[in-house]
Amino acid sequence: ATLSWRLKNSTKTDLARACFRFGIEESASVRDMEENDGLGGVGGSEKGGEDGPLSNSMCSPICQQCRQNPCKYKCPRCGLQSCSLACVKAHKEVSGCTGIRDRTAFVPLSQYDDNWLISDYNFLEETLRQADSAKRMRTSFPVGLYDSRWKTLGIQARNRKITLVYLTQGMTRRQANTSFYWRKCKCIFWRIEWVFHSTDVKLVDRRVNESAKPIDVLEKRLAASLGNAITCHQLRQFCKEPIGYLRFLLVKEPCSGPGKQFVELNPCESLGSQLENNIIIEFPTIHVVLPIDACNLIIVEDLRFLDQQKQLEVSAVDDGVGIPYREEVIEEGEIEELEEGEIVQ
């Protein structure tokens, strides 16, 4: 009786379990009873088991992107469910989601299981491996020679009123610095990086004498690089302009505002005299700007007319001209109020 009741009120799976429990085999009479009673499972038809259990398409939720087809995929980052590659791409374009799971996202303790534990362990192992790889790739410097060279260069730059700042060992700008002090000539040879405004071109001079003029150095550098067709095409606007019309700008460090501030150099004066009272990070970087683009930059100091102002002041003192003054009329009662030794002009 118990088996008969189970046969009438069970699915195919329960039927097989009941037969296995009572130690009997599924006989032909049992199969006939299943067909007559219409044991087709949940959602089965009257004909008895033609449809079977619900298909995966009917149980799956709808795609959250197109809202038409059953979903098949789940975004690892935001969890959005989609149905096809087109919906995945559309989701990334609309929402800006990268589709990469955030391995550092917060997970509640109630949801933290073995899978999250293994993921965190792999993440820590990968971080340690990358740190160890970076440590092995870092080049080693000869301590004695390295310290002596940069120490001498820093002392000589300080004597010239130049604040030379060194970066940490291993950084790209530190490794690229080829500036040095030549004791025989008692002068500094700077590494100069020429950056052409509104282009991606950067030209480098490995050793430039501090007594050289920027206009002469740039003219030689451009003549040497015009053999490269790509560089010549990118610098066609600078080659059309007379080299005397180009503007030479040095970045003012440190910058107090959001944008870069520049000091304009005099192209006809020596480089060393114009680096005084400036902060240089490793080596000078000079921006070459067209005259029409210079008005869009912040220039806080102009060294082009500094020498002219100094010459005017010196000539005025030598000629005995002095500083002009304004004559004032003093009333009779005001003379007594002046202290002894005070001069009225």
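Values in this document were obtained by computation on a predicted structure and should not be read as measured data.

> What should I look at first to understand the side chain of Gln274 in this one?
Relative to the elements of secondary structure, Gln274 occurs in helix α12 (residues 271-274). A distance of 2.4 Å separates a polar atom in the side chain of Gln274 from the backbone nitrogen of Asn266.

> How should I be thinking about the pattern of salt bridges in this particular structure?
Proximity of charged atoms lets side chains of opposite charge pair with each other. Applying the stated rule across the entire model yields seven salt bridges. A salt bridge links Glu126 to Arg103, with the shortest nitrogen-to-oxygen separation between them at 2.8 Å. Separated by 23 residues along the polypeptide, Glu126 in helix α6 (residues 114-137) and Arg103 in the loop between α5 (85-95) and α6 bring together distant segments of the chain. Owing to a relative accessible area of 29%, Arg103 belongs among the partly exposed residues under this scheme.

> I keep staring at empty space enclosed by the protein and nothing clicks. Help me out?
If you walk through the whole model with that rule in mind, you get one cavity of 30 Å³ or more. In this structure, the largest cavity encloses a volume near 30 Å³. Ile192, Trp194, Val208, Ala212, Lys213, Pro214, Val217, Leu271 and Ile286 are the residues that line the largest cavity. At the level of elements, β5 (187-196) and α9 (214-225) are the ones that each hand at least two residues to the lining of the largest cavity. Within the lining of the largest cavity, the residues separate by chemical class into eight nonpolar, no polar and one charged.

> Honestly, the confidence of the model for the protein chain in this entry has me stumped. Any pointers?
Overall, the prediction assigns the protein chain a mean pLDDT of 74, with 66% of residues at 70 or greater. Highest mean pLDDT in the protein chain belongs to β5 (92); lowest belongs to helix α3 (residues 28-37) (44). When the criterion is pLDDT under 50, residues 20-57 qualifies, and its contacts beyond four places in sequence or with other chains add up to 36 contacts. Confidence drops under pLDDT 50 across residues 334-345; counting only partners more than four residues distant or on other chains, this segment forms seven contacts.

> Explain the packing of aromatic side chains here, please?
Here the distance between the centres and the angle between the planes together describe a pair of aromatic rings. All told, the structure shown has five aromatic pairs when counted by the stated rule. Their ring planes at 65° and their centres at 5.5 Å tell us that Trp150 and Tyr166 sit as a pair that is edge-to-face. Of this pair, Trp150 sits in helix α7 (residues 143-159) while Tyr166 sits in the loop between β3 (163-165) and α8 (172-176); the two residues are 16 residues apart in sequence, bridging distant segments of the chain. Note on Tyr166: relative accessible area 28%, which makes it partly exposed. Aromatic pair Phe180 and Phe189: ring centres 5.3 Å apart, planes at 10°, arrangement stacked. Of the two residues, Phe180 and Phe189, both sit in the buried class. Its guanidinium or amino end placed over the ring of Trp150, Arg149 lies 4.2 Å from that ring's centre, counting from NZ or CZ. Between the NZ or CZ atom of Arg174 and the centre of the ring of Trp150, over which it lies, the distance is 5.6 Å.

> What's the story with the environment of Glu210 in this structure? I'm lost.
Within the element layout of this structure, Glu210 appears in the loop between β6 (202-209) and α9. As for Glu210 and Trp190, which are separated by 20 residues in sequence, their C-alpha atoms are 6.8 Å apart. Those residues in contact with Glu210 that sit more than four places away from it in its chain are Arg160, Lys186, Cys187, Ile188, Trp190, Ser270, Leu271 and Gly272. Within the structure, the side chain of Glu210 is placed 3.0 Å from the side chain of Arg160, a separation counted as a polar contact.

> Teacher, can you tell me more about the nonpolar core here?
Core analysis: the biggest nonpolar cluster contains 29 residues, and Trp190, Trp194, Phe196 and Leu218 have the highest contact counts within it. Where this core is concerned, the elements lending two or more residues are α7, β5, β6, α9, β7 (247-251) and β10 (285-289). Broken down by element, this core gets its largest block of residues, five residues, from β5. Once residues lying within four places of it in the same chain are set aside, the contact partners of Trp194 are Val201, Lys202, Leu203, Asp205, Pro214, Val217, Leu218, Arg221, Phe248, Ile286 and Val288. One finds Val251, Phe262, Val289 and Ala294 within the second-largest nonpolar core, a separate group that totals six residues.

Cut-off values and rules
Residues numbered from 1 in each chain as written. Predicted model: local features only at pLDDT ≥ 70, side-chain atom pairs only at ≥ 80, totals over all residues. Heavy atoms only, no water. Helix = DSSP H or I, 4+ residues; strand = E, 2+ residues; numbered from the N terminus. Polar contact = N/O pair within 3.5 Å; in protein donor to acceptor, adjacent residues only side chain to side chain. Salt bridge = Lys/Arg side-chain N within 4 Å of Asp/Glu carboxyl O. Buried < 20%, exposed > 50% of the residue type's maximum accessible area, 1.4 Å probe, protein only. 1 Å grid on protein atoms, 1.4 Å probe; cavity = no way out; pocket = protein on both sides within 12 Å on 5 of 7 lines; lining within 4 Å. Points joined across faces, edges and corners; volume = space filled by probe spheres on them. Nonpolar A, V, L, I, M, F, W, Y, C, P; charged D, E, K, R; others polar. pLDDT = per-residue confidence, 0-100. Contact = heavy atoms within 4.5 Å. Phe/Tyr/Trp six-rings, centres within 6.5 Å; stacked < 30°, edge-to-face > 60°. Lys NZ or Arg CZ within 6 Å of the ring centre and 35° of its normal. Core = buried A, V, L, I, M, F, W, Y, C linked by side-chain atoms within 4.5 Å.

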